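Architecture at a glance
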Amino acid sequence: MKLARFVLPAVLLVALTSLATAQQLRFTVWSGNEAHLSMLNGFADGFAEMRPGVSVQFDVIPFGDYVQKVTLQLAGGNPPDLGWLAEASAPTFIDAGVLADVSDALRNDPDYDFADFSEPALGLWERGDAVYGVPFSTSPFIVYFNRDLFEQAGLTPPDVLAEQGAWTWEALKESAAAIADGSDAFGFESVDGEGYGARVWHTLVPIVRGYGGEAWSDGACRLDSPEAVEAVQLYHDMVYEDASAVPPGEQGDFFTGRSGITITQLSRVSKLAEADFDWGLAPMPSGPAEDVAVIGQAAVVVFEAGQQTELATEFLAYMTNKENVAVMAEFFPPARRSVLDSEAFLSSNPMVTPQQMEIVASGIAGGRVLPNHPNFPQIDAAARPVFDELWNADADVAAVMTRVCDAIDAQLQ
Amino acid sequence: MDQVPSTPATPRPQKPPPRKGARSLRALDEIYGYLFVAPQLTGFLLFVIGPLVAVVIYSFQERNLLTGAVTNVGLQNYNDAFFTNPTFWKVLGNTFVFTAGLVPVNIALALALALLLNRRFPGVTLFRTLFFAPVVTSAVAWAIVWRFMLQGEQGTVNQVLALVGVDGPNWLRSPGWAMTAVIGTRVLKNVGLNMIIYLAALQAIPREYGEAASIDGAGRWQIFRRITLPLLAPTTLVVAVITVVGSLKVFDHILLMTGGGPANATMVLVYYIYQQAFEFFEIGYAATLSVILFVITLVLTAIQWLVNARRS
Amino acid sequence: MTTPARVPRWFTQAAWYLALIGLSIPFVFPFLWMVSSSFKNSTEMFAFPPTLIPETLRWRNFVQVFEYQPFAQQYFNSVYIAALVTIATILVSSMAGYAFARIRFRFSTLIFFLMLTALMMPIEVTIIPNFFFMRLLGLVNTHVPLIVLPVFGSSGVVATFLMRQYFLSLPTELEEAAMIDGMGRFGIFFKIALPLARPALGSVGILTFLYSWNSFLEPLVFVNDLNLFTLPLALNTFTDSYGLPLWHLQLAATTLSVIPILVVYVLAQRQVVESFAMSGMKG
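Residues numbered from 1 in each chain as written. Chains lettered and ligands numbered in written order. Predicted model: local features only at pLDDT ≥ 70, side-chain atom pairs only at ≥ 80, totals over all residues. Heavy atoms only, no water.

Moving on to the overall build of chain C. Helix and strand content of chain C: 15 helices and zero strands. For 283 residues, the compact-globule formula gives about 19 Å, and the C-alpha radius of gyration of chain C, at 24 Å, lies well above that figure. The C-alpha extent of chain C, read off along each of the three principal axes, is 75 × 75 × 30 Å. Counting all 283 residues of chain C, 56% fall into the buried class. Pairs at least 24 apart in sequence give 72% of the contacts found in chain C among residues at least 6 apart. For chain C, the accessible surface area stands at approximately 12300 Å², while carbon and sulfur atoms represent 70% of it. Distance from the positive charge centre (15 side chains) to the negative charge centre (12 side chains) of chain C: 10 Å. (Helix = DSSP H or I, 4+ residues; strand = E, 2+ residues; numbered from the N terminus. Rg over C-alpha atoms; globule rule 2.2 N^0.38 Å. Buried < 20%, exposed > 50% of the residue type's maximum accessible area, 1.4 Å probe, protein only. Contact = heavy atoms within 4.5 Å. Areas by Shrake-Rupley, 256 points an atom, 1.4 Å probe, with all protein chains shown as cover. Lys, Arg positive; Asp, Glu negative; His and termini not counted. Charge placed at Lys NZ, Arg CZ, Asp CG, Glu CD.)

What follows is the structure in structure tokens.
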């Protein structure tokens, strides 16, 4: 009986002290994929070994609402500590001052080896000496093709053409047309099938750059330049003349064998696990002007409004150290040169041969992100309705592109 | 209330004068009145009037949700909306097209269905259930399914049309048809509710009216126009007001079906407000648009009341 | 006087039925398609020509729905929130409606018309200030805003409006008799008026439940944790890491969310119509 009297206070004491030392970091992500989450939880466990009592909770927010919800959380007084952030939002969030500068912590830790990160990859996340995010995924856009459909149409597959230096946008257009003519399938599917909606930039900008154009530079819109118009015209012809590209509103899912070619990022390769056709990877087609790869990025950021920015920065550093970046490389192409150059990286994905991984590696090394701007949401909202005018058979591409520039000029200042 | 005539033969028992109890009750009524409405009134002031005042204040500011920055800009937002920003007028136009398209179709269809189902025949209950089923479904679910069915060549709708030789348009992707598709699917979702209301009203009309008229030689259509329709006027007013006000608020349906496109063809005012507030984080401008929407709704409702008052 | 029948009766009957069936197709077909697709995998869903009866029944889809996110919890959230909103609304609006209909107090008409302005207010207009207010109270990322806002917002005002209409249509003799007997207002309200108001309470309950069940923007703004999501939010969350819908999961989940409501409605169908009929909604 007497002992019992001590038990309750003792339990309370233990509970209180564990509450005091138990800290939780909240980390927002947009992937609900089981494999991704178990990897992330693995990092949390590893971190807990270094810092007992610290746990990390990963909150999954669907990609479509991600920016809104994170903003609402930041504005709503219960900010997350860390989160993923996509490249399109980087300028907006950095300009708004809501991201913490982690440069000191990262540069001062010799083990971390900040210099290991490829400069181009960091570009978007740095302002002068300050670093506002560490990219965990630097993923070039690459070509996926359906080997069976190519064989059926008697065409040389893109990877062979690339080796011969003959894999150009024209070649892609012709191959797509041949496949579409000779089979039930489409020739080409735009990025994730969303080329006329959310991914219109992903679809058009690579071609535009290949022809020597650009979306905008130095505060001026360049989508109405002759190079850009030529590039967009090529794609327009694919949709309306060749009928080889999946048109707006149609389904032509490459990953279920309904299209011959698609352009998207490495991570989609997991969708091919159940594919009943032979497939391959190839680099992006080259244009008359440039060969620069286009990359999509996502970074880990620490939110300034969080209550535990120091601890959060520690976790960020832990998550993006050499060891863990190598682990993430299975799903997310790394920005660390040491990992990119390693044998382990080239064989990190069981579905992709080392040769194919080379394509990814070279894309990361030289790739440029899609056009970005602090006002990107407004630019996107103003441009997309005008882009929509492209998608009918008698659209005057040059005129539409001029109107796109008219619509977004004000926002580019 | 009713005066009971007292006959000399059977004098009515005198009721004790209730005046004392009634007077004190009436005095207490002031208190009771407020007591009864207090919960709703308090909540109303806190969650409706308060925010409305706040929104009016915000409409004169530039206020960013992400950065938290606030600047007073006077009438600049209103100026932007009416004079500088062309999107505003397009959105306003879309809003009116949407309402003008949806309301008559909805009301007419609801009345037609109610008339069809206002009789007893085997299966009438089943049909009433079927037409009401979309009302109880979530808008998200309804939009998801229809967005899938309205796809270009492979969408179910176009495949059915293909069976009868019609080449269906790319519904959600052509600026002209997208608005039609959005209106049509929204009508399908909600018409069941108005149908039930009309059914209830029709059932309250005594059969004798119609029977008497047909004995006099009136045809069905005449009975409908001269008797049924006027008797339904109060119901039609209620239905019209509800439907108009409801149509000005439609947001998630459009968000999920077309995302406001193509080429902003289906962007209505409420969606535009959402976009400004939650995608651009411009709370000030969103507030300005909200004030404008509120005024529009008030005016439209007032017009409807006045038209009805004048008619009766 | 009957017109000589030139067309056989069975023909008109059949024509009626055909017309009704034809009309009901766009109302019903989406459900059939939704249920059938929820058993398919992605490939079959987009197969051409489309199949109404799936080749294989992939029950796995339904299991995956619960594995992908705490769907059962989210379902329960929608149910209990809608129930709470309905009960609270019935209480608050019946009291207010009764007062507006039966009690004479100063400014009652003014207050009533002022409240009607809430009907004109889409939730998108008031939600940001409400968001800031809830933040002040520390109630963001809880269910409290989802319960409180509908009760006092436009949904609650509609309810009050309906209750007032109904109470106005009740004969006053019973209440007068009770008054004479010395019963106070509360007594009259709870023992006489409210029990008589069952049809109106039915309509109000149904409309309010549906409003809460279907609301999308409020949970989107106020709720962050997956565990606290409601069904419309949850249905929208069945996307892959790139924001593309996982059709098979979305449709399976949609089926699960729609079928129970439909079943309840079918069983209670007569009461629903009667409620509306007797509630005075017809004007």
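Here the focus is the overall build of chain A. If you tally the helices and strands in chain A, you get 18 helices and 13 strands. For a compact globule of 413 residues, the expected C-alpha radius of gyration is about 22 Å, and chain A comes in at 24 Å, within 12% of that figure. If one aligns the C-alpha atoms of chain A with their principal axes, the spans along those axes are about 90 × 50 × 40 Å. Sequence separation of at least 24 residues holds for 75% of the intrachain contacts in chain A that already meet a minimum separation of 6. Of the roughly 16400 Å² of accessible surface on chain A, 51% is carried by carbon and sulfur atoms.

Moving on, we come to the packing of aromatic side chains. As enumerated under the stated definition, the model contains 73 aromatic pairs over all chains in all. A centroid spacing of 5.5 Å and a plane angle of 45° characterise the contact between Phe47 of chain A and Tyr318 of chain A, whose relative ring orientation is tilted. Of this pair, Phe47 of chain A sits in helix 2 (residues 34–50) while Tyr318 of chain A is found in helix 12 (residues 309–319), placing the two residues 271 residues apart along the sequence. According to the relative accessible area criterion, Phe47 of chain A is buried, its value standing at 0%. Taken together, the ring pairs in this structure connect Trp30, Phe63, Tyr66, Trp84, Phe136, Phe331 and Phe332 of chain A into an aromatic cluster. Just above the ring of Trp16 of chain C sits the side chain of Arg119 of chain B; from NZ or CZ to the centre is 5.0 Å. Taking the ring centre of Phe112 of chain C as reference, the NZ or CZ of Arg164 of chain C above it sits at 4.3 Å. (Phe/Tyr/Trp six-rings, centres within 6.5 Å; stacked < 30°, edge-to-face > 60°. Lys NZ or Arg CZ within 6 Å of the ring centre and 35° of its normal.)

It is worth spelling out the pattern of salt bridges at this point. All names here are of chain A. Going through the model one piece at a time under the given rule, you end up with 17 salt bridges over all chains. Taking the shortest distance from any N to any O, the salt bridge between Asp116 and Arg336 comes out at 3.0 Å. Residue Asp116 is found in the loop between helix 5 (103–107) and helix 6 (119–122), and its partner Arg336 is found in the loop between helix 13 (322–328) and helix 14 (337–340); the two are separated by 220 residues along the sequence. Of the charged contacts, one joins Asp159 and Arg147 as a salt bridge, the two residues approaching to 3.2 Å between their closest N and O atoms. Of this pair, Asp159 sits in helix 8 (residues 158–163) while Arg147 sits in helix 7 (residues 147–152), placing them 12 residues apart in sequence. Residues joined in a network through salt bridges with shared partners are Arg147, Asp159 and Asp278. (Salt bridge = Lys/Arg side-chain N within 4 Å of Asp/Glu carboxyl O.)

One finds Phe27, Trp84 and Phe315 of chain A to be the most contacted residues of the largest nonpolar core, which totals 247 residues. For this core, the element with the most residues is helix 7 (residues 175–203) of chain B, which contributes 14 residues. Sequence-distant contacts of Phe315 of chain A, defined by excluding residues within four places in its chain, comprise Leu25, Phe27, Phe43, Ala44, Phe47, Val56, Phe58 and Leu82 of chain A. (Core = buried A, V, L, I, M, F, W, Y, C linked by side-chain atoms within 4.5 Å.)

It is worth spelling out the interface of chain B and chain C at this point. Taken residue by residue, the interface counts 91 residues in chain B and 94 residues in chain C. Of the roughly 8500 Å² buried at the junction of chain B and chain C (both faces included), carbon and sulfur atoms supply 79%. Three residues stand out in chain B for area buried against chain C, namely Phe36, Gln40 and Phe47 of chain B, and they jointly supply 10% of the buried area on that side. Across the pair Glu30 of chain B and Arg106 of chain C runs a salt bridge whose closest N-O atoms are separated by 3.8 Å. (Buried area = accessible area lost by both parts, 1.4 Å probe.)

Residues and elements named next belong to chain A. Across the seven residues that make up strand 10 (residues 259–265), a large majority, seven, are buried. Relative to strand 10, strand 7 (residues 186–189) is paired through three bridges, and the arrangement is parallel. Bridge assignment links Phe186 to a residue of strand 10, and that residue is Ser259. (Pairing = 2+ DSSP bridges.)

To continue, consider the interface of chain B and chain A. Many structure descriptions define interface size as the accessible area lost when the parts assemble. With 19 residues of chain B in contact, the opposing surface of chain A contributes 23 residues. Summed over the shared surface of chain B and chain A, the number is one salt bridge. Remark: the boundary between chain B and chain A carries two residue pairs in polar contact (both at pLDDT 80 or more). Per-class residue counts for the side of chain B that touches chain A are eight nonpolar, seven polar and four charged. (Polar contact = N/O pair within 3.5 Å; in protein donor to acceptor, adjacent residues only side chain to side chain. Nonpolar A, V, L, I, M, F, W, Y, C, P; charged D, E, K, R; others polar.)

Next up on the list: helix 9 (residues 220–231) of chain B. Residues and elements named next belong to chain B. Given a rise of 1.5 Å per residue, 12 residues ought to cover 16 Å, and the 15 Å separating the end C-alpha atoms of helix 9 matches this to within 8%. Every buried residue of helix 9 is accounted for by Ile223, Phe224 and Thr228. For helix 9, the angular spread of the buried residues around the axis is 95°, confining them to a single face. (Expected span 1.5 Å × (residues − 1). Arc of directions from axis to C-beta.)

Packed helix pairs are specified by the crossing angle of their axes together with the interaxial distance, meaning the distance between the axes. All names here are of chain C. Where helix 9 (residues 173–180) contacts helix 10 (residues 185–196), the axes come no closer than 10 Å and their chain directions differ by 155°. One way to sum up the angle between helix 9 and helix 10 is to call them roughly antiparallel. In terms of crossing hand, the pair formed by helix 9 and helix 10 is right-handed. Within the contact between the two elements, helix 9 uses Leu174, Glu175, Ala178 and Met179 and helix 10 uses Arg185, Ile188, Ile192 and Leu196. Per-class residue counts for the contact of helix 9 with helix 10 are six nonpolar, no polar and two charged. (Axes fitted to C-alpha atoms, helices over the stretch in contact; angles between N-to-C directions. Parallel < 35°, antiparallel > 145°, perpendicular 65-115°, else oblique. Left-handed = near helix turned anticlockwise from the far one by under 90°.)

Residue and element names in this part refer to chain A. Scanning the entire structure with this criterion turns up one disulfide over all chains. One disulfide in the model links Cys221 with Cys405; its S-S distance is 1.9 Å. Measuring handedness by torsion sign, the sulfur bridge of Cys221 and Cys405 sits at about -70° and is left-handed. Residue Cys221 is found in strand 9 (residues 220–221), and its partner Cys405 is found in helix 18 (residues 397–412); the two are separated by 184 residues along the sequence. The exposure class of Cys221 is buried, given its relative accessible area of 11%. Judged by relative accessible area, Cys405 falls into the buried class, the value being 2%. (Disulfide = S-S within 2.5 Å.)

Turning next to the environment of Arg107 of chain A. All names here are of chain A. Position of Arg107 among the secondary structure elements: in helix 5. Spatially, the C-alpha atom of Arg107 lies 9.8 Å from that of Val131, the residues being 24 residues apart in sequence. Excluding its chain neighbours within four sequence positions, the residues that come into contact with Arg107 are Phe114, Asp129 and Val131.

This next bit is on a negative patch on the surface. Residues Asp101, Asp104, Asp129 and Glu304 of chain A make up a contiguous surface patch of negative charge. In this fold, Asp104 of chain A is placed in helix 5. (Patch = residues over 30% accessible without salt bridge, like charges linked within 9 Å, V, L, I, M, F, W, Y side chains within 5 Å.)

Moving on, we come to the pairing of strand 6 (residues 134–146) of chain A. All names here are of chain A. Burial within strand 6 is extensive, with 13 of its 13 residues counted as buried. As paired elements, strand 6 and strand 12 (residues 294–302) share six bridges and run antiparallel to each other. Paired with Ser139 across the strands is Gly296, a residue of strand 12. In this structure, strand 6 lies alongside strand 10, joined through five bridges in antiparallel fashion. By the bridge assignment for strand 10, Ile142 is matched with Thr264. Here four bridges tie strand 6 to strand 11 (residues 279–282), and the two strands are oriented antiparallel to one another. Each residue of the ladder has a partner; that of Val143, found in strand 11, is Ala282.

Residue and element names in this part refer to chain B. When you line up the elements, Ala233 lands in helix 10 (residues 233–247). The class of Ala233 is partly exposed, set by a relative accessible area of 28%. As a C-alpha pair, Ala233 and Ala201 span 32 residues in sequence and 10.0 Å in three-dimensional space.

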